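Secondary and tertiary structure notes
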Amino acid sequence: GAGVSQSPRYKVAKRGQDVALRCDPISGHVSLFWYQQALGQGPEFLTYFQNEAQLDKSGLPSDRFFAERPEGSVSTLKIQRTQQEDSAVYLCASSLVLAGGPGETQYFGPGTRLLVL
Amino acid sequence: KQEVTQIPAALSVPEGENLVLNCSFTDSAIYNLQWFRQDPGKGLTSLLLIQSSQREQTSGRLNASLDKSSGRSTLYIAASQPGDSATYLCAVKNTGFQKLVFGTGTRLLVSP
C-alpha cells in the first residue's frame, strides 16, 4: 500500500521567501509528526497532530514556523521569511494509533530537502 | 531533558561480520525504544520497537536489547551484508509524550 508521501522532494528558496511543505500520511493514520533533520544529525521533533488537533508544537524553533492539518489527513508545514539556518530535511511521519502495540510505529516519508540561499 | 547518544558514529566492517551498535539515553522513564534505518536521500524505516517492559526484540538477523535501568540499548546485526550499509538511528519515546527523541546515528558500511 501507499506509504507517507511528501512534496516537494527538493526546494530551493531565497532567504526571506515563504515555503510550504506538504505531507500525505498513510490513510487512516490518526497521528502525524513533523521532524527537522540537519545534515549529519538525527531528526528533531517539531510538532504533532492527533487528527486535526495540534497537541504539541514545542519543537517549532520560532514563530516563523506554522503547521496545520485542517481535515485530519494532509498536513502542511509553512516556514515564513526563511533563513539559512532553516536549511534541513523536513520529515513527516504518521502512526495508526496513539500508543500501545505495533500500531504505534511511526512511518516516515522520504522528506523534503530545503535549501535556503 | 532526554538525550540520546549513539556510538560509534561510524563503523566499517567486511561482509559476514557480526556487529553491535550502541545507544544510550539519559532519562530512564521511557515508554518504548525504536531502531530505524535511514538510506541516503530516503526516509526512515522502522526495524524494531521494544516496549519498556520488554528486554529484547528480534527480526531476522537483527536483535535489539533494552536495559531501561541503565539507559542502554544495543542493536546486534548477524552475518552483515553490503545491503545493510545505511545509517542506523535509535529513538526513544518518553512516558507521557508522543514525540520521538533521536540519537545522531551510526553510519555503517559493509564491504563485500
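Provided above is the structure to which this section pertains.
Residues numbered from 1 in each chain as written. Chains lettered and ligands numbered in written order. Predicted model: local features only at pLDDT ≥ 70, side-chain atom pairs only at ≥ 80, totals over all residues. Heavy atoms only, no water.

Another point: the state of the cysteines. Residues and elements named next belong to chain A. Counted under the stated rule, the structure contains 2 disulfides over all chains. At a sulfur-sulfur separation of 1.8 Å, the disulfide partner of cysteine 23 is cysteine 92. One quick way to see it: the torsion about the S-S bond of cysteine 23 and cysteine 92 is about -65°, and its sign makes the bridge left-handed. On the criterion of sequence distance, the pair formed by cysteine 23 in strand S3 (residues 19–24) and cysteine 92 in strand S9 (residues 88–95) is long-range, its members being 69 residues apart. In this structure, cysteine 23 and cysteine 92 share a single accessibility class: buried. (Disulfide = S-S within 2.5 Å. Helix = DSSP H or I, 4+ residues; strand = E, 2+ residues; numbered from the N terminus. Buried < 20%, exposed > 50% of the residue type's maximum accessible area, 1.4 Å probe, protein only.)

With that settled, the discussion passes to the sheet that holds strand S7 (residues 62–67) of chain B. Residues and elements named next belong to chain B. Read from one edge of the open sheet, 5 strands run S1-S3-S8-S7-S6, paired in antiparallel fashion. Where the open sheet ends on each side, the last strands, each with one partner, are strand S1 (4–7) and strand S6 (56–59). Put simply, the sheet's adjacent strands are angled 15° from each other on average, direction ignored. The sheet contact formed by S7 and strand S8 (residues 72–77) spans 6 bridges and is antiparallel. The residue bridging serine 65 from the neighbouring strand is threonine 74, located in S8. (Pairing = 2+ DSSP bridges. Axes fitted to C-alpha atoms, helices over the stretch in contact; angles between N-to-C directions.)

Further remarks concern the pairing of S8 of chain B. Residues and elements named next belong to chain B. Every second residue of S8 is oriented toward a common face, the buried set being Ser73, Leu75 and Ile77 and the non-buried set Arg72, Thr74 and Tyr76. Pairing geometry for strand S3 (residues 19–25) and S8, over 6 bridges, is antiparallel. Note on S8: the bridge partner recorded for asparagine 22 is threonine 74. If you look at the hairpin formed by S7 and S8, you'll find 4 residues sitting between the two strands, and glycine 71 has a positive phi there, around 70°.

Before going further, it helps to spend a moment on the interface of chain B and chain A. Tallying the contact residues gives 20 residues for chain B and 23 residues for chain A. For the pair chain B and chain A, the two sides together bury roughly 1600 Å², of which 51% comes from carbon and sulfur. Looking only at chain B, the three residues that lose the most surface to chain A are Leu44, Gln98 and Lys99 of chain B, adding up to 31% of its buried area. On the surface where chain B and chain A come into contact, there are 0 salt bridges. (Contact = heavy atoms within 4.5 Å. Buried area = accessible area lost by both parts, 1.4 Å probe. Salt bridge = Lys/Arg side-chain N within 4 Å of Asp/Glu carboxyl O.)

Before going further, it helps to examine the sheet that holds strand S7 (residues 65–68) of chain A. Residue and element names in this part refer to chain A. What the 4 strands build is an open sheet, ordered S1-S3-S8-S7; its pairing is antiparallel. What marks the edges here is a single partner per strand, and that holds for strand S1 (5–7) and S7. Averaged over all pairs of adjacent strands, the angle between their axes in this sheet comes to 15°, without regard to strand direction. Taken together, the 4 bridges between S7 and strand S8 (residues 75–79) define a ladder with antiparallel strand orientation. Bridge assignment links phenylalanine 66 to a residue of S8, and that residue is lysine 78.

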